Amino acid sequence: MATPVAQMPFRGVRSSKFRHVYGNPIKKEQCYECVKITKNAHDSHFCAVNPKFVAIVTEVAGGGSFLVLPLDRTGRVDINAGKVTGHRGPVLDVKWNPFNDNVIASCSDDCTVKLWYIPDEGLKNNLNDWLVNLQGHKRRVGYVEWHPTAENVLFSAGFDNLIILWNIGKGEAVNIIDCHPDIVHSMSFNRDGSLLATTCKDKILRVIEPRSGRVLQEGPSHGGTKASKVVFLGDSGRLFTTGFSRYSDRQYAVWSQKDLSKPLRIENIDSSSGVLFPYYDFDTKMVYLAGKGDGNIRYYEIVNEAPYVHYLNQFLSGFPQRGLGVIPKRGLDVLQCEVLRFYKLHAMKGVCEPISMIVPRKSEQFQDDLYPDTAAPTSSLTAEEWLKGKNRNPVLVSLKSGVVVRTNKPVIYKANDNTLVTSDRNNEKKFMFISEETKPDYREVPKRPPSPINNLSFSFNLTVEMVSDTLDGLGNRFHQIQQMWGNLSTKTTTNHTTNGVVMCDIVTTHKLPTATYITIGDDKDIEIIELNSPKTEAELRRAYSSQSEEIKTLKEQLQSKEKRVRDLEEQLRRLNLQNQRPW
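As recorded in an unreviewed UniProt entry, the protein goes by the name Coronin, listed as coming from Strigamia maritima. The record in UniProt for the protein states the following under Sequence similarities (unreviewed entry): "Belongs to the WD repeat coronin family."

So, in structure tokens, the structure goes:
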């Protein structure tokens, strides 16, 4: 009897709809050129993007500034383009408000965090008037992060080892998280913003309850001395970190938020020296890794079972990057199957280059599996609700319409008590209109003249006041329509006045497919127009066809007249020549 042969595990190619994702650099005409990108060695993105604007930290001599450009203003950037110049030290990080595309937060070497309002048309001059100035850090502020679901909640991490929770609606610090013995390298929220993960120079990974600052879990992270970064993998209960080993090899690791004593998986990537930045896409469950000084971007697919991470491919480029910005999902081109778009800051030249990550699909229809409902630019909680302990998932919006979802521009101003007030001027007008008391109108309603029926000649009476109103209101309008529709054949008759009443006899009316014109003659040429707009699509088509034929006929008549004029001019020239000949 033959012994059974043990079955070998299947080691073929793993099936994935993101297996063939590729990076597509945008043409040179659609890049942003001649940008003085900062050369600061701080480990930050230096770039922030939303569906309206791209913000790039720039290099200046003294003070700090960043450039804000509308997305469609590509090409060569004007040397005098407006910048945000309110900081007294170099700008280290910028982040757009996820619920207001016109508000951006920035932090700087001057130990402050400032909020700025950018108008829809962009900056025409340098902006140094901030909305809110948040002061509380004792040393420079390296990172800022907005809460993903609560409005007006901002976190800042400084080189004083503190993380400060701000309520920007009131312009005050709500809590100070003081659990790090050294500099904080990165911050990341989970899906509903109830947990905050941090990496620190002390090589410890922490999961913190952000309202109270209490450390829920902590454990040893990567053993290298360089900066490590962390990102929450949505609501999966896992974290993804990048860092360096003791031998300076770059690594990534996957952790469980409930147990940080050891990673679920850790892998070496290469031996480069640039800090790796992880970017997680919750909708596609993909992680992108891009390093400072690298020319490539690696991307992986995240799954719920071991080994948790599957390598897909990488985008290669010969130009190293200094920083990267990522546009929100609502700003992508869904008809081109674009699942992510980077804005790459070149390290060697002043160029910001968009790079689209595309899933190749032949169909031009909306791909439901690539674009589930994504986070909308609407908060699900107020700052007060979140601070009281409520948690709620983000509000979702569908991308099936193919239209870029942007927030409307609000009117923002400072109140007398130096608090920030955000209001929508359109809503204010609506509420004012609703709250107004009804004002009755006691004016007498004038009687309207009867409408003409068909093209019959008939007479009716008009009071002197009605004739005056008709003269003032309808005369100019009728002449404009008369020029637009062509010459109207009208015949005027005499009129007479009896007992203050003008008696007018209508002799002829000219009726077109969509309007009836009536001319009433007197010394001032009174015209009355009654528009008979088409009621159905068929009538509209007939009217359009009729007017097209009339226009065509008029053009032919004009051409024949021009030809006749040329013939007459030629005959006149010949006659002149004959008269000039000597007999």
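After that view of the structure, there is still more to cover.
One can find Asn-167 in strand β14 (residues 163-167). Setting aside its immediate chain neighbours within four residues, Asn-167 contacts Asn-152, Glu-172, Val-174, Ala-383, Glu-384 and Leu-387.

Quick look at the environment of Leu-239 now. Counting through the fold element by element, Leu-239 comes out in strand β21 (residues 238-244). According to the relative accessible area criterion, Leu-239 is buried, its value standing at 0%.

Moving on to unusual backbone geometry. Cis geometry marks the peptide bond from Ala-306 to Pro-307, where omega comes out at 10°. Position of Pro-307 among the secondary structure elements: in the loop between β26 (297-302) and β27 (309-315). In this model, Cys-34 sits at a positive phi of 60°, which is unusual for a non-glycine residue. Mapped onto the fold, Cys-34 is located in the loop between β2 (32-33) and β3 (47-49). A relative accessible area of 43% means that Cys-34 is categorised as partly exposed.

A sheet is described by the order of its strands in space; here four strands give the open sequence β3-β4-β5-β7, paired in antiparallel fashion. The open sheet is flanked by β3 and β7 (83-87), the only strands paired with a single partner. Between one strand axis and the next, the sheet turns through 20° on average, direction left out of account. Two elements, β3 and strand β4 (residues 53-58), share three bridges in a ladder whose sense is antiparallel. The residue of β4 that forms the bridge with Val-49 is Val-54.

Within β26, six of the six residues are buried, which leaves it mostly tucked inside the rest of the structure. Taking every second residue as pointing to the same face, both faces of β26 are buried, with Ile-297, Tyr-299 and Glu-301 on one and Arg-298, Tyr-300 and Ile-302 on the other. Relative to β26, strand β25 (residues 286-291) is paired through five bridges, and the arrangement is antiparallel. Each bridged residue has a counterpart across the sheet, and for Val-287 the counterpart in β26 is Tyr-300. If you look at the hairpin formed by β25 and β26, you'll find five residues sitting between the two strands, and Gly-293 has a positive phi there, around 85°. Direction of pairing for β26 relative to β27: antiparallel, over a ladder of six bridges.

Conventions and cut-offs
- Residues numbered from 1 in each chain as written.
- Predicted model: local features only at pLDDT ≥ 70, side-chain atom pairs only at ≥ 80, totals over all residues.
- Heavy atoms only, no water.
- UniProt positions renumbered as here; feature names shortened; annotations may be inferred.
- Helix = DSSP H or I, 4+ residues; strand = E, 2+ residues; numbered from the N terminus.
- Contact = heavy atoms within 4.5 Å.
- Buried < 20%, exposed > 50% of the residue type's maximum accessible area, 1.4 Å probe, protein only.
- Pairing = 2+ DSSP bridges.
- Axes fitted to C-alpha atoms, helices over the stretch in contact; angles between N-to-C directions.

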